[in-house]
Amino acid sequence: MKPIHLLLIISVAFTVFSGCVSDRGEPGVYDNQTETLSYQGEQLTPIAQQRNNAIKGTQYIERESYRLQVDGLVENPRDFTYEEITGLPQTSKVVDLNCVEGWGFTAKWTGVRIADLFEEVGAMENATTAIFYSADGYSTSLDMDYLLENDIIIAYKLNDVTLPPERGFPLQLVAEGKYGYKWVKWIVRIELSDSPYRGYWEERGYNNIADVGGPAFEKRG
Ligand SMILES: Nc1nc2c(c(=O)[nH]1)N[C@H]1C(S)=C(S)[C@@H](COP(=O)(O)O)O[C@H]1N2
Ligand SMILES: [Mo]
């Protein structure tokens, strides 16, 4: 091979390779786990490039003492440990988070189907709303029908790494198709109810439906 050809091959290879690296960045390492940047042919946003948003900053929750309380209109109200939740059947999917302020990202989310959790506690027939409460005092709600029909999951992993504290460890709701303010982080309690509920941002005028692409605000009065 002529040296000029070798040079050409090297420069093409370098351009292609460095292009990949500079576009997407290196996969991050979180708690000794390396994140995934593609899944089932879809490109994922590196965690370092994902924005986050919270009313009172990061909440630091300890794995050992953590409990998820599930109560309200259920046959068997109870607490779940972190191990009990991660021991339930596991599901992964690629879902976009879209904040109502206009930014968003794509990630792989892994966790438990909320339907499986409700099965554990025996959700009552008359439960129409699930209310989610967080360690920072944040709350939001979603219709039971929406949660069950869309196989909505509560995630404990993001891009194949354990949710970092700033991203909601131990649990974040993956509210597919809904604006970011429905994606409650640091979940500590789920209450099933038979009446509508307005969470932190919804109480301040944001739409309680929160469909991505739909109106951000709601007329009330
Ligand atoms: N507990 C809690 N969850 C929250 C919030 C919050 O302030 N507290 N902010 C919400 C909003 S407005 C958005 S856009 C998303 C951002 O999620 P991310 O940090 O995973 O990107 O978190 C949502 N979940
Ligand atoms: Mo948001």
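Structure shown above.
What comes next is a walk through the structure. (Residues numbered from 1 in each chain as written. Chains lettered and ligands numbered in written order. Predicted model: local features only at pLDDT ≥ 70, side-chain atom pairs only at ≥ 80, totals over all residues. Heavy atoms only, no water.)

1. Overview of the packing of aromatic side chains
What counts here: Side-chain rings of Phe, Tyr and Trp (the six-membered ring for Trp) are treated as a pair once their centres are within 6.5 Å; stacked means planes under 30 degrees apart, edge-to-face means over 60, and tilted covers the remaining angles. Each helix is a run of DSSP H or I of at least 4 residues and each strand a run of E of at least 2, with the numbering of both proceeding from the N terminus. For every residue, the accessible area obtained with a 1.4 Å probe (protein chains only) is divided by the maximum for its type, and the residue is called buried under 20%, exposed over 50%, and partly exposed between those limits. Whether a charge sits over a ring comes down to the Lys NZ or Arg CZ being within 6 Å of the ring centre and within 35 degrees of the ring normal.
Scanning the model with the defined rule gives ten aromatic pairs in all. Aromatic side chains tyrosine 82 and phenylalanine 169 sit 5.4 Å apart centroid to centroid with 40° between the ring planes, which places their arrangement in the tilted category. Taken together, the positions of tyrosine 82 in helix α2 (residues 82–86) and phenylalanine 169 in the loop between β12 (161–162) and β13 (172–174) put the pair 87 residues apart, joining distant regions of the chain. The same class applies to tyrosine 82 as to phenylalanine 169, namely buried. Measuring from ring centre to ring centre gives 5.7 Å for tryptophan 201 and tyrosine 206, while their planes differ by 80°; the resulting arrangement is edge-to-face. Look at tryptophan 201 and you get partly exposed, because its relative accessible area is 30%. Residue classification places tyrosine 206 among the buried residues on the basis of a relative accessible area of 18%. Connected via pairs of aromatic rings, a cluster forms that spans Tyr138, Tyr179, Tyr181, Tyr200, Trp201, Tyr206 and Phe217. Over the ring of tyrosine 39 we find lysine 108, and its NZ or CZ is 3.9 Å from the ring centre. The aromatic ring of tyrosine 146 is capped on one face by lysine 178, whose charged end is 4.8 Å from the ring centroid.

2. A look at the environment of aspartate 71
In plain terms, the rule: Note on contacts: a residue pair is in contact if any heavy atoms of the two residues lie within 4.5 Å.
You can see aspartate 71 is positioned in strand β5 (residues 68–72). Along the primary structure aspartate 71 and serine 193 are separated by 122 residues, whereas in three dimensions their C-alpha atoms are 9.2 Å apart. Residues contacting aspartate 71, with those up to four places away along its chain left out, are Pro77, Arg189, Ile190, Glu191 and Leu192.

3. Re unusual backbone geometry
The omega torsion across phenylalanine 169 and proline 170 is 5°, close enough to zero to call that bond cis. Residue placement: proline 170 occurs in the loop between β12 and β13. Look at aspartate 31: it is not a glycine, yet its phi comes out positive at around 55°. Its location among the elements puts aspartate 31 in the loop between β1 (29–30) and β2 (33–34). Of note, aspartate 151 is a non-glycine position whose phi angle comes to about 50°, a positive value. Relative to the elements of secondary structure, aspartate 151 occurs in the loop between α4 (144–149) and β11 (153–158). Relative accessible area serves as the criterion here: at 36%, aspartate 151 is assigned to the partly exposed category.

4. Here's the deal with the sheet that holds strand β6 (residues 78–80)
In plain terms, the rule: Here a strand pair is declared whenever DSSP counts at least two bridges between the two strands. As a rule, the C-alpha atoms of each element are fitted with a line to give its axis, helices using only the stretch in contact, and angles between N-to-C directions run from 0 to 180 degrees.
The five strands lie next to each other as β6-β5-β14-β9-β10, forming an open sheet whose pairing is mixed. Of all the strands in the sheet, just β6 and β10 (139–143) have a single pairing partner and so form its edges. Between one strand and the next, the sheet's axes are offset by a mean angle of 20°, whatever the strand orientation. Taken together, the six bridges between strand β9 (residues 129–134) and strand β14 (residues 187–193) define a ladder with antiparallel strand orientation.

Note that all results are geometric; they support no functional claim without further evidence.
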